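# Close look at the chain arrangement
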Amino acid sequence: MSNSFKMFIFNTLNITKAHLATFLYVGIALLSLIVGIWVYKLNQYDFITLDDHKYSLASLKGDYVVINYFAEWCAPCLRELPELSAFNQSKGENVHLFAISYDNVSAEKLNALKRKYNIDFPLIAELKGEFPFEAPSYLPATFVIRPDGSLAGQLLGEQTEENLHEVTQ
């Protein structure tokens, strides 16, 4: 672009170098703010799954969230794992199933449990936020959060694929 053309544009639009610099600084400031908010939102989460996905309950609003507490020493918990897997395979897109170890085991131990019991749904490795319920006193325990974010209730005892479908419809 020739200098005379640049001068023509500046003169026609009545733009001074000071205006241009101000516009540039404001643009950079707005871009920085947008990037900052985006990075902040990325770092807001309630839990991380074993496969390193970060989730916030707010981001899951509009869908059902099923959270199952289990432990390796709990025979009914182990018996219901195939039912949970079957539910995970047949659930709709608006339903999310997660499991969390009652014993708060390390990621390494959680990986071993996942392999040993063929768990094919996400396991919560780190809980950063809080669930809208307290940890259960008895196992197995499953909690269902409705699409509006309210707690549908606590399901005690072994769950079946059919039962989980009923409470998430």
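Above this text you will find the structure in question.
Here is a short report on the structure shown in this document. Bear in mind the structure is a predicted one, so any value in this text is a computation, not a measurement.

### Some remarks on the overall build of the chain
Each helix and strand in the chain was counted, giving five helices and seven strands. Each helix (α) and strand (β) of the chain, taken in turn from the N terminus, gives the series α-α-β-β-β-α-β-α-β-β-β-α. For the chain, the residues scored as buried account for 33% of the 169 residues in total. Here the analysis covers contacts within the chain between residues at least 6 apart in sequence; of these, 67% occur between residues at least 24 apart. Counting every atom, the chain has about 10,700 Å² of accessible surface; 57% of that belongs to carbon and sulfur.

### A word on the state of the cysteines
Per the counting criterion, the structure on display carries one disulfide. With a sulfur-sulfur separation of 2.4 Å, C74 is cross-linked through a disulfide to C77. Between C74 and C77, the disulfide has an S-S torsion of 75 degrees and is therefore right-handed.

### What about the nonpolar core?
The biggest cluster of nonpolar side chains holds 37 residues, and the ones touching the most others in it are F47, I67, Y69, F121, L123 and F131. Of all the elements in the fold, those that place two or more residues in this core are β3 (64-70), α3 (75-90), β4 (95-101), α4 (107-116), β5 (123-127) and β6 (141-145). Residue contributions to this core peak at six residues, all from β3. Among all residues touching I67, those that are not within four sequence positions of it are F98, I100, F131, F133, A141, T142, F143 and I145.

### Considerations on the pattern of salt bridges
For the structure on display, the rule yields three salt bridges. E72 is the salt-bridge partner of K116, the closest N and O atoms lying 3.0 Å from each other. Residue K116 is found in helix α4, and its partner E72 is found in the loop between β3 and α3; the two are separated by 44 residues along the sequence. Here the residues in one salt-bridge network are E72, K109 and K116, joined through shared partners.

### A look at the pairing of β3
The side chains of a regular strand alternate, residue by residue, between the two faces of the sheet. The element β3 is largely enclosed, with a buried count of seven among its seven residues. Burial of the side chains of β3 extends over both faces: Y64, V66, N68 and F70 are buried on one face and V65, I67 and Y69 on the other. Alignment of β3 against β4, held across seven bridges, turns out to be parallel. Pairing of Y69 across the sheet is with I100, part of β4. Tracing the backbone out of β3, into α3 and back to the parallel element β4 gives a crossover that is right-handed. As defined by bridge partners, β3 adjoins β6 across five bridges and the pair is classed as antiparallel.

### Thoughts on the sheet that holds strand β7 (residues 151-156)
The seven strands lie next to each other as β2-β1-β5-β4-β3-β6-β7, forming an open sheet whose pairing is mixed. Only two strands of the sheet have a single partner each, and these edge strands are β2 (54-55) and β7. Where β6 lies against β7, five bridges are found, and the strand directions are antiparallel. Residue F143 lies in a different strand from β7, and its bridge partner there is Q154. Its contacts with the sheet place α3 against β3, β4 and β6, and it is angled at close to 160 degrees to β3. Lying on the sheet, α4 is in contact with β3, β4 and β5; it crosses β5 at an angle near 170 degrees.

### Focus: the layout of surface pockets
The volume enclosed by the largest pocket comes to roughly 180 Å³. Lining the largest pocket are Y69, I100, S101, Y102, N104, V105, I124, A125, E126, L127 and A135. At the level of secondary structure, the elements contributing two or more residues to the lining of the largest pocket comprise β4 and β5. Broken down by element, the lining of the largest pocket gets its largest block of residues, four residues, from β5.

Cut-offs used in this document
- Per chain, residues are indexed from 1 in the order of the written sequence.
- Totals for whole chains, interfaces and linings use every residue, but because this is a predicted model, local features are given only for residues with pLDDT of at least 70 and side-chain atom pairs only at 80 or more, for both listing and counting.
- As a rule here, side-chain values come from all non-hydrogen atoms in the structure, and water together with hydrogens is ignored.
- Under the DSSP-based scheme used, a helix requires at least four consecutive residues in state H or I and a strand at least two consecutive residues in state E, with every element numbered from the N terminus.
- A simple rule labels every residue: compare its accessible area, found with a 1.4 Å probe on the protein chains alone, to the largest value its type can have, and call it buried under 20%, exposed over 50%, or partly exposed in between.
- We call two residues in contact when some of their heavy atoms are within 4.5 Å.
- Here the accessible surface of atoms and residues is derived via Shrake-Rupley with a 1.4 Å probe, and residues count as covered only by protein chains that are part of the display.
- When the sulfur atoms of two cysteines come within 2.5 Å, that pair is taken as a disulfide.
- By nonpolar core is meant a set of buried Ala, Val, Leu, Ile, Met, Phe, Trp, Tyr and Cys residues that side-chain atoms within 4.5 Å join together.
- Should a side-chain nitrogen of Lys or Arg be within 4 Å of a carboxyl oxygen of Asp or Glu, the pair is scored as a salt bridge.
- Paired strands are those between which DSSP finds at least two bridges.
- Crossover handedness is defined here as right-handed if the route from the first strand over the helix to the second strand goes clockwise, with the strands pointing away from the viewer.
- Note on geometry: axes are lines fitted to C-alpha atoms, helical ones only across the stretch in contact, with angles between N-to-C directions running from 0 to 180 degrees.
- For each structure, a 1 Å grid was placed over the protein atoms alone; sets of points admitting a 1.4 Å probe that cannot get out are labelled cavities, open sets with protein on both sides within 12 Å along at least five of seven lines are labelled pockets, and lining residues have an atom within 4 Å of a point.
- Grid points are joined across faces, edges and corners, and a volume is the space filled by probe spheres set on the points.

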